[in-house]
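Here's the letter readout for the chains.
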Amino acid sequence: MEKIMQGRMDRGFQKYQDEYEKKALEVLRSGWYILGKEDEAFEEEFAKYVGTNYSVGLASGLDALWLAFRVLGIGEGDEVIVQGNTYIASVMGITINGATPVFVEPDKYYQIDADAIEEKITDKTKAILVVHLYGQAANMTKITEICKKYNLRLVEDCAQSHGACHDGKMTGSFGDFGCFSFYPSKNMGAFGDAGAITTNDPELARLMKIYRNYGSEKRYHNMVVGANSRLDELQAGLLRVKLAHMDEITKEREQLALKYADGIDNPMVIKPEVAAGSTSVWHQYVLRVPEYRDDFKQYLEENGIMTIIHYPIPPHLSEAYKRLELKEGSLPITEKYANEVISLPIYAGMTDEEQSRVIECINNYRKGTK
Ligand SMILES: *Cc1c(COP(=O)(O)O)cnc(C)c1O
């Protein structure tokens with residue numbers, strides 16, 4: 001039997017293959033390859049989609065994060081609050097500028113526990129970085145309140161949450177900056193590296209455009225030490241094609257998640273829940289298997305079903321952040337989740353048959369045992 005992969009980017013391509021191929025040729029033949037018409041059109045369309053005044057195209061999600069903190073002037077001596085259970089890029093976005101991450105535990109929806117934020121605020125705290133993990137919007141009502149009360153900047157890591165909403169407002173439109181990745185495996189994946197920020201503030205948008213292009217607004221007049229983080233025309237054009245289909249793409253993932261929720265019935269596993277007021281775009285469908293996670297993973301693999309752990313080592317325990325001196329046990333919920341989570345196959349173009357095979361296999365795991 002054919003293996004079921006955890007993700008299938010080829011299927012996502014095939015869905016709109018003709019449109020992608022037509023656009024790729026158009027850009028290749030245009031004679032203009034970086035920051036041009038496609039980028040400008042993409043920025044306008046993407047800002048409209050998210051519901052912000054501006055968007056700025058960048059080269060990656062990590063660039064969106066670190067440039068956001070750079071533009072906000074948050075660095076050495078400053079603290080930024082972030083959840084413990086995130087992809088390490090969120091944390092690097094903070095530390096590249098010299099700021100210190102202060103970790104908060106997640107809630108049962110795997111989002112930052114909004115009730116645990118205030119106790120971590122010190123006079124060094126400058127910002128909260130909210131990660132809408134696995135595609136679900138965090139509790140932005142509470143978090144925006146806290147930011148107002150303590151006069152903190154708000155940055156959103158939307159690398160996994162294209163289209164997810166809280167109280168009807170899209171992630172990426174709540175804070176000073178929304179930071180997006182279009183890495184190929186994301187819900188809104190490009191065909192190479194790409195990223196963007198969204199913002200409502202014209203000055204922040206202007207500064208981001210300066211920083212992404214070596215710190216220059218006018219050619220060869222460099223105002224600040226910036227980066228080379230420009231979006232290329234090929235990716236911008238292909239992203240415009242995908243953006244036009246985002247509502248369908250999201251709906252398809254919602255249906256896949258619904259089928260898992262309806263079909264999976266095994267007392268060994270805990271299914272994901274969505275908080276009241278929030279939606280999920282199901283970047284990942286993450287189960288928890290408290291007792292036998294690694295055995296469960298191996299069992300699925302033996303049955304031709306591939307899974308991934310997002311993420312086996314939380315950033316505070318990674319070798320890269322040894323210098324923070326955070327010991328095992330310092331974030332017990334984060335660490336518990338790292339040992340229990342497992343992400344099932346989910347991708348655009350996943351067939352009903354493939355999904356039924358995954359569900360049946362899960363339901364047969366340790367059947368008859370306690
Ligand atoms: C993918 C991802 C990033 C980084 O995006 P890149 O485009 O790979 O740099 C940042 N944060 C989260 C939560 C991600 O999933």
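Higher on the page you've got the structure.
Let me begin by describing the structure that accompanies this report. Every residue gets a number counted from 1 within its own chain, in the order that chain's sequence is written. Local features in a predicted model are, by the rule used here, given only for residues with pLDDT of at least 70; side-chain atom pairs are given and counted only at 80 or more, and totals for whole chains, interfaces and linings are based on all residues. The basis for every side-chain value is the complete set of heavy atoms in the structure, and neither hydrogens nor water enter the calculation.

Read from one edge of the open sheet, seven strands run 1-9-8-5-4-2-3, paired in mixed fashion. Edge strands, defined here as strands with exactly one partner in the open sheet, are strand 1 (54–58) and strand 3 (100–104). This sheet shows a mean twist of 25 degrees between the axes of neighbouring strands, independent of strand direction. When strand 5 (residues 153–157) meets strand 8 (residues 177–181), the two strands line up parallel, connected through three bridges. Paired with D157 across the bridge in strand 8 is C179. Helix 5 (residues 88–95) contacts strand 2 (79–83), strand 3, strand 4 (125–131) and strand 5 of the sheet and is inclined by roughly 140 degrees relative to strand 3. Note: two strands are recorded as paired if DSSP finds a minimum of 2 bridges between them. A run of DSSP states H or I qualifies as a helix once it reaches four residues; a run of E qualifies as a strand once it reaches two. Both are numbered from the N-terminal end. For helices, the axis comes from a line fit to the C-alpha atoms of the stretch in contact; other axes are also lines fit to C-alpha atoms, and the angle between any two N-to-C directions lies between 0 and 180 degrees. In this description, contact between two residues means that some pair of their heavy atoms is separated by no more than 4.5 Å.

This paragraph deals with a negative patch on the surface. For patches, a residue must show more than 30% relative accessible area and have no salt bridge; joins then use 9 Å for like charges and 5 Å for nonpolar side chains, namely Val, Leu, Ile, Met, Phe, Trp and Tyr. Areas reported here follow the Shrake-Rupley algorithm with a probe of radius 1.4 Å; residue values treat only the protein chains shown as occluding. Put simply, a salt bridge is a Lys or Arg side-chain nitrogen that is within 4 Å of an Asp or Glu carboxyl oxygen. By the counting rule applied here, Lys and Arg register as positive and Asp and Glu as negative, while His and the ends of each chain are not counted. Taken as the charge location is NZ of Lys, CZ of Arg, CG of Asp or CD of Glu. Taken together, D18, E19, E21, D247 and E248 make up a surface patch of like negative charges. Counting residues per element, the ones that place at least two in the negative patch are helix 2 (17–30) and helix 9 (246–263). For the negative patch, the element with the highest residue contribution is helix 2, accounting for three residues. Throughout, exposure labels follow a simple rule: accessible area from a 1.4 Å probe, protein chains only, divided by the maximum for the residue type, with under 20% read as buried, over 50% as exposed, and the rest as partly exposed. For D18, a relative accessible area of 63% translates into the label exposed.

Together, L25, L28, Y33 and I34 make up an exposed nonpolar region whose accessible area comes to about 370 Å². Position of L28 among the secondary structure elements: in helix 2.

With that settled, the discussion passes to the packing of aromatic side chains. The pairing test for Phe, Tyr and Trp rings, Trp by its six-membered ring, is centres within 6.5 Å, and the orientation test on the planes gives stacked under 30 degrees, edge-to-face over 60, and tilted for anything in between. What the rule picks out here adds up to 16 aromatic pairs. Ring centres 5.0 Å apart and planes at 75 degrees place the aromatic pair Y110 and Y337 in the edge-to-face group. Of the two residues, Y110 sits in the loop between strand 3 and strand 4 while Y337 sits in helix 11 (residues 332–340), which places them 227 residues apart along the sequence. On the basis of relative accessibility, which here comes to 5%, the residue Y110 falls in the buried class. Members of the aromatic cluster, connected to one another through ring pairs, are F42, F46, Y49, F180 and F182. Lying across the ring of F174, K169 places its NZ or CZ 4.9 Å from the centre. We call a charge positioned above a ring when the Lys NZ or Arg CZ atom is no farther than 6 Å from the ring centre and deviates by at most 35 degrees from the ring normal. One cation-aromatic arrangement involves R366 over Y292; the distance from NZ or CZ to the ring centre is 3.7 Å.

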